[in-house]
Amino acid sequence: MNGEYISGRMMPGNLDLNTWQHKATLRDIIDNRNVKLDKDNLIWYSFPNMALYSLTSYLPQLAGVALADLFTDFVLPIIYVGRIFGLVVTIAALYFALKLMPFKKECLFMVALLPMLMQEAVSLSADSFINALAVLFVAYLFCLVTKGVDKILSKGELVLLWAGSVLIALCKVVYLPICTLCFLIPAFAFGGKNRKYIHTIGAVGVGTGLNLLWMSLSNMGASASGEQIEFILKYPFEFIKIVVRTVLHYGDEVFAELLGSNMGGLNIPVDETPLLIFGVVLVVLAVAPEKNSIRLKTGIKFWIAMVWMAVLAMTWGSMYLGYNKVGNNLITGFQGRYFIPIILLMLVSLENRHFEREPFELRKYLYPLVTSVNIYVLFIVLDQVLW
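Report follows, based on the coordinates.

Rules behind the numbers
- Residues numbered from 1 in each chain as written.
- Predicted model: local features only at pLDDT ≥ 70, side-chain atom pairs only at ≥ 80, totals over all residues.
- Heavy atoms only, no water.
- Helix = DSSP H or I, 4+ residues; strand = E, 2+ residues; numbered from the N terminus.
- Contact = heavy atoms within 4.5 Å.
- Buried < 20%, exposed > 50% of the residue type's maximum accessible area, 1.4 Å probe, protein only.
- Patch = residues over 30% accessible without salt bridge, like charges linked within 9 Å, V, L, I, M, F, W, Y side chains within 5 Å.
- Areas by Shrake-Rupley, 256 points an atom, 1.4 Å probe, with all protein chains shown as cover.
- Salt bridge = Lys/Arg side-chain N within 4 Å of Asp/Glu carboxyl O.
- Lys, Arg positive; Asp, Glu negative; His and termini not counted.
- Charge placed at Lys NZ, Arg CZ, Asp CG, Glu CD.
- Expected span 1.5 Å × (residues − 1).
- Bend = angle between axes of the 7 residues up to and from the residue.
- Core = buried A, V, L, I, M, F, W, Y, C linked by side-chain atoms within 4.5 Å.
- Axes fitted to C-alpha atoms, helices over the stretch in contact; angles between N-to-C directions.
- Left-handed = near helix turned anticlockwise from the far one by under 90°.
- Phe/Tyr/Trp six-rings, centres within 6.5 Å; stacked < 30°, edge-to-face > 60°.
- Lys NZ or Arg CZ within 6 Å of the ring centre and 35° of its normal.
- 1 Å grid on protein atoms, 1.4 Å probe; cavity = no way out; pocket = protein on both sides within 12 Å on 5 of 7 lines; lining within 4 Å.
- Points joined across faces, edges and corners; volume = space filled by probe spheres on them.
- Parallel < 35°, antiparallel > 145°, perpendicular 65-115°, else oblique.

Focus: the side chain of threonine 180
Tracing the chain through its elements places threonine 180 in the loop between α8 (155–171) and α9 (193–217). Other than its neighbours up to four places away in sequence, threonine 180 contacts Val204, Trp303 and Val307.

In structure tokens, the structure reads:
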């Protein structure tokens, strides 16, 4: 197996694999409902930019597509079975995340129903599984951090810790820092400091090693410009200024995109007003904890903040290396959906004990708010794709 093979493959020649360039409508779907896979006419398609994602990023959709392919050659049902599998896995992951999350359940509830997350959940993109896995794994780690004070982890819990770390690392390298949250689990939970080092360093180390192996096989490092890397190393403070300038220039746009201001392929604009109300309520829930709820120590919140900052730094770095010219004043290509795997970490690190609120004080408003915002966004999308 070589990098060229991983960066592309033989595909049926009658398929248009560049549909992302236009906005598909219901009429397009109806007109192409009888298209079949032409397995006798295979053409080589190269997708080196997608080689960053290993096959683990597509496990749910891969299972759905493989299953549908056993029963039909029609493209449309194959696509939608893959989408349904991705959606089912996302729903299951979010359900168990809500069960496991020891605090900030309202924040997680709102994150789970972000219009952008829901759109990605039903897509064939890698984001579907990455988002679901990251939210579930973060909730699981927070559960271990809080209950590990007086309970030793079972073998099953340790297996899940290792599996989550490896899957996160294999899905996308920029989210690797999330795995370091396992260092926050008390040593007592592992049965001592030595066992903690074995399991935490081991899990993160194996995940890192497997990711580096995949990147070497897919030759991903070959696409990074040596001049860009040299620029970052030679002028680190200039690169920091570029990052700060990017945040100031695109910050509000990216935050709105995270909430759902541009749906589809970022080509379906949505009025930001209801989305901003959604976002403000989400931030208020994060900043003001409920009375008598579990509180994290300042040191733990600092570590959490460092983790999501590291993810952002790695994401900006990868965008600069892959899509921007040397010394560009701004880093272009960053999208709001990249925040979804770390949004829970960002919200938890915002908590301020000086702004307590009564339990259940705001929960009665969440259901109508979330429902109305999603119905509004859905109507906007349908208006664009039905005609």
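The structure having been displayed, the exposition proceeds.
Things to note about unusual backbone geometry
For lysine 104, which is not glycine, the phi torsion reads 55° and is therefore positive. By secondary structure assignment, the location of lysine 104 is in the loop between α4 (75–100) and α5 (105–112). Accessibility expressed as a relative area gives 8% for lysine 104, which makes it buried.

Some words on the environment of valine 173
Tracing the sequence through the fold places valine 173 in the loop between α8 and α9. By relative accessible area, valine 173 is classed as buried at 18%. Placed 141 residues apart in sequence, valine 173 and methionine 314 show a C-alpha to C-alpha distance of 8.5 Å.

Looking at a negative patch on the surface
A cluster of acidic residues, Asp252, Glu253, Asp271 and Glu272, forms a negative patch at the surface. Here aspartate 252 is to be found in helix α11 (residues 236–259).

Observations regarding α11
Given a rise of 1.5 Å per residue, 24 residues ought to cover 34 Å, and the 32 Å separating the end C-alpha atoms of α11 matches this to within 8%. Along α11, the sharpest change in direction is near 60° and occurs at tyrosine 250. Listed as buried for α11 are Phe239, Ile242, Val243, Thr246, Val254, Ala256, Glu257, Leu258 and Leu259. Looking one or two residues past α11, glycine 260 carries a phi angle of roughly 125°, positive in sign.

Topic: the nonpolar core
Grouped together as the largest cluster of nonpolar side chains are 90 residues, with contacts concentrated most on Ile178, Ile185, Ile304 and Leu345. No other element matches helix α7 (residues 127–147), which puts 13 residues into this core. When neighbours within four sequence positions are excluded, isoleucine 185 is seen to be in contact with Leu141, Leu144, Val145, Leu153, Leu161, Phe190 and Lys196.

Structural notes on the packing of helix α3 (residues 59–69) against α4
Helix-helix packing is described using two parameters, namely the angle between the two axes and the distance between the axes. As a packed pair, α3 and α4 sit with axes 7 Å apart at the nearest point and diverge in direction by 145°. Seen along the crossing, α3 lies across α4 with a hand that is right-handed. For the pair α3 and α4, the contacting residues are Pro60, Gln61, Ala63, Gly64, Val65, Leu67, Ala68 and Asp69 in the first and Pro77, Ile78, Val81, Gly82, Phe85, Gly86 and Val89 in the second.

Side note on the pattern of salt bridges
Enumeration according to the criterion identifies five salt bridges in this entry. Its salt-bridge partner being lysine 151, residue glutamate 157 comes within 3.5 Å of it at the nearest N-O pair. Looking at glutamate 157, the relative accessible area reads 12%, which means it is buried. Since its relative accessible area comes to 35%, lysine 151 is described here as partly exposed. Put simply, Lys147, Lys151 and Glu157 are held in one network by salt bridges that share partners.

Considering the packing of aromatic side chains
Under the defined criterion, the tally for this structure stands at eight aromatic pairs. Taking the centre distance of 5.4 Å and the plane angle of 75° together, the rings of phenylalanine 334 and phenylalanine 339 count as edge-to-face. For the pair phenylalanine 334 and phenylalanine 339, one class covers both residues: buried. Through a chain of ring-to-ring contacts, three or more aromatic side chains come together here, namely Trp316, Phe334, Tyr338 and Phe339. Over the aromatic face of tyrosine 80 sits the side chain of arginine 83, whose NZ or CZ is 5.5 Å from the ring centroid.

Looking at the layout of surface pockets
Considered as a void within the structure, the second largest pocket measures approximately 520 Å³ in volume. Put simply, the parts of the chain that give the lining of the second largest pocket at least two residues each are α11, α12 (272–287), α13 (298–323) and α14 (343–349).

Remarks on the packing of α4 against α5
Running from amino to carboxyl end, α4 crosses α5 at an angle of 170°, the nearest separation of the two axes being 9 Å. The pairing of α4 with α5 is recorded here as roughly antiparallel in orientation. Along its contact with α4, which presents Leu94, Ala97, Leu98 and Lys99, the element α5 presents Lys105, Leu108, Phe109 and Ala112.

Limitation: the analysis is restricted to geometry and does not speak to function.
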